[in-house]
Amino acid sequence: SQRVTPRLWVSYGTAVAAGLMVIGHATGIAHSGGLPDEWIFIAPTVIAVGNVVGSYFGGYLVDVWGARRLLYMVSVSSTLSLAIMWGHLSPLTVLFGLAIVGLTYGATIAAFPAAIANLFGAVRGIRIYGLVFTAWGVAGLLAPWVAGVLFERSNNYTSALLLATVLGSVSILSIFWFPNENEITHNDSCS
C-alpha cells in the first residue's frame, strides 16, 4: 500500500481539484459565459443535480465496469467539458460543461472509496481511503482559491479553466497507473 497510496492520492487530487475549481466559481463562470443574471441560479443547480446523479451511479458502476475504466471515462468526460468551456464560453457550453463537471465530480467522489475497498478490502480500504481523502482537503483549500486569484489577475476565467483542463489531463494520465488487484500483495489486503 505504500507504493500505491501516493498514486491514488495524485489521481484523486487532480480529479477533484479540476472539479472544485469550477464548482467554486460556477456562478462567476456562468456570468462570464453570458448567462443572463436572472438565470445565474441555474449554474449551481445544474452542478448539484449532476453531482447527485454522478454520486448515485459512481459507486455502483465501479462494481460493474471496474475502477480503472469508470475513472478513465469520468476523467476524460470532465476534461473535455472543461476544454470546451475554456475554448468557448457561451450560455450553452457553460450549462453543458457545468452539468458534466457536476456529474463527473459526483462519480469520482463515490467511485474512489468503492474502488479502494475493492482493492484492499473493507478494513484496510478505510485506512487507505483516509490517507487518499486528504487530497480532497488540499484540493478544496487550494483549487477554488487559485481559480479566484487567476480571475482577479485577468478579470476572466480563461486561465482558471485552462488550469482545470490541465489538472483533468493529469487525472486522465494517472488512470494509466491506477493500481489493479495484481499489484496488491496478500499482506496489503490482510493488514
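Criteria and cut-off values
Residues numbered from 1 in each chain as written. Predicted model: local features only at pLDDT ≥ 70, side-chain atom pairs only at ≥ 80, totals over all residues. Heavy atoms only, no water. Helix = DSSP H or I, 4+ residues; strand = E, 2+ residues; numbered from the N terminus. Rg over C-alpha atoms; globule rule 2.2 N^0.38 Å. Buried < 20%, exposed > 50% of the residue type's maximum accessible area, 1.4 Å probe, protein only. Expected span 1.5 Å × (residues − 1). Arc of directions from axis to C-beta. Contact = heavy atoms within 4.5 Å. pLDDT = per-residue confidence, 0-100. Phe/Tyr/Trp six-rings, centres within 6.5 Å; stacked < 30°, edge-to-face > 60°. Core = buried A, V, L, I, M, F, W, Y, C linked by side-chain atoms within 4.5 Å. Axes fitted to C-alpha atoms, helices over the stretch in contact; angles between N-to-C directions. Parallel < 35°, antiparallel > 145°, perpendicular 65-115°, else oblique. Left-handed = near helix turned anticlockwise from the far one by under 90°. Nonpolar A, V, L, I, M, F, W, Y, C, P; charged D, E, K, R; others polar. Polar contact = N/O pair within 3.5 Å; in protein donor to acceptor, adjacent residues only side chain to side chain.

Caption draft 1: Looking closely at the overall build of the protein chain. The number of helices and strands found in the protein chain is nine helices and zero strands. For the protein chain, the succession of helices and strands along the chain, N to C, is α-α-α-α-α-α-α-α-α. The globule rule puts the C-alpha radius of gyration for 191 residues at 16 Å, and the 17 Å found for the protein chain is close to it. Principal-axis analysis of the C-alpha atoms gives the protein chain an extent of 55 × 30 × 20 Å. Here the protein chain holds 191 residues, and the buried ones make up 46% of them.

Caption draft 2: Here's a closer look at helix α4 (residues 67-87). Look at α4: 30 Å from first C-alpha to last across 21 residues, which is about the 30 Å you get at 1.5 Å a residue. By the burial criterion, the buried members of α4 are A67, L70, L71, V74, S75, S78, T79, S81, L82 and M85. One side of α4 carries all its buried residues, which in axial view fall inside an arc of 160°. Summarising the geometry of α4, the exposed residues directed more than 90 degrees from the buried face are L80 and G87. Contact partners of the buried residues in α4: α1 (5-23), α2 (26-32), α3 (42-65), α5 (91-120) and α8 (158-175).

Caption draft 3: Representation of the confidence of the model for the protein chain in the model. Confidence along the protein chain averages 90 in pLDDT terms, with 93% of residues attaining 70 or more. Of all helices and strands in the protein chain, the one with the weakest mean pLDDT is helix α9 (residues 186-190) (44), whereas helix α7 (residues 134-154) scores best (97). Scored below 50 in pLDDT, residues 186-191 makes 10 contacts in the model with residues more than four places away or belonging to other chains.

Caption draft 4: Region of the structure containing the packing of aromatic side chains. What the rule picks out here adds up to eight aromatic pairs. Cluster of aromatic residues (ring-pair linked, three or more members): Y12, F112, Y129, F133 and W136.

Caption draft 5: Region of interest: the nonpolar core. Residues L8, V22, L82, F112, I116 and F178 are the most contacted members of the largest nonpolar core, which totals 48 residues. Sort the elements by how many residues they give to this core and α5 lands first, with 11 residues. Setting aside residues no more than four positions away along its own chain, L8 makes contact with F112, I116, F120, I128, V132, F178 and P179.

Caption draft 6: Fine view of the packing of α5 against helix α6 (residues 122-132). Where α5 meets α6, the axes come as close as 7 Å, and the angle between the chain directions of the two elements is 135°. Regarding the angle of α5 to α6, the classification is oblique. Considering only the axes of α5 and α6, their crossing is right-handed. Touching I109, F112, P113, I116, A117 and F120 of α5 are A122, R124, G125, I128, Y129 and V132, all from α6. Of the residues belonging to the contact of α5 with α6, the class tally is 10 nonpolar, one polar and one charged.

Caption draft 7: Structural detail: the side chain of R7. Mapped onto the fold, R7 is located in helix α1. For R7, the side chain forms a polar contact with the main-chain oxygen of W177, separated by 2.6 Å.

Caption draft 8: Looking closely at unusual backbone geometry. Unlike most non-glycine residues, N155 shows phi in positive territory, near 60°. In this structure, N155 sits in the loop between α7 and α8.

Caption draft 9: Seen up close, the packing of α1 against α8. Where α1 contacts α8, the two axes come as close as 8 Å, and the packing angle between them is 155°. Judged by the inter-axis angle, α1 sits roughly antiparallel to α8. In this structure, α1 crosses over α8, and the sense of that crossing is left-handed. Every residue of α8 that contacts α1 at S11, T14, A15, A17, A18, M21 and V22 is listed here: A160, L161, L163, A164, L167, G168, V170, S171, S174 and I175.

Caption draft 10: Quick look at the environment of T45. Locating T45 in the fold gives a position in helix α3. In this structure the C-alpha to C-alpha distance between T45 and A99, which are 54 residues apart in sequence, comes to 9.0 Å.

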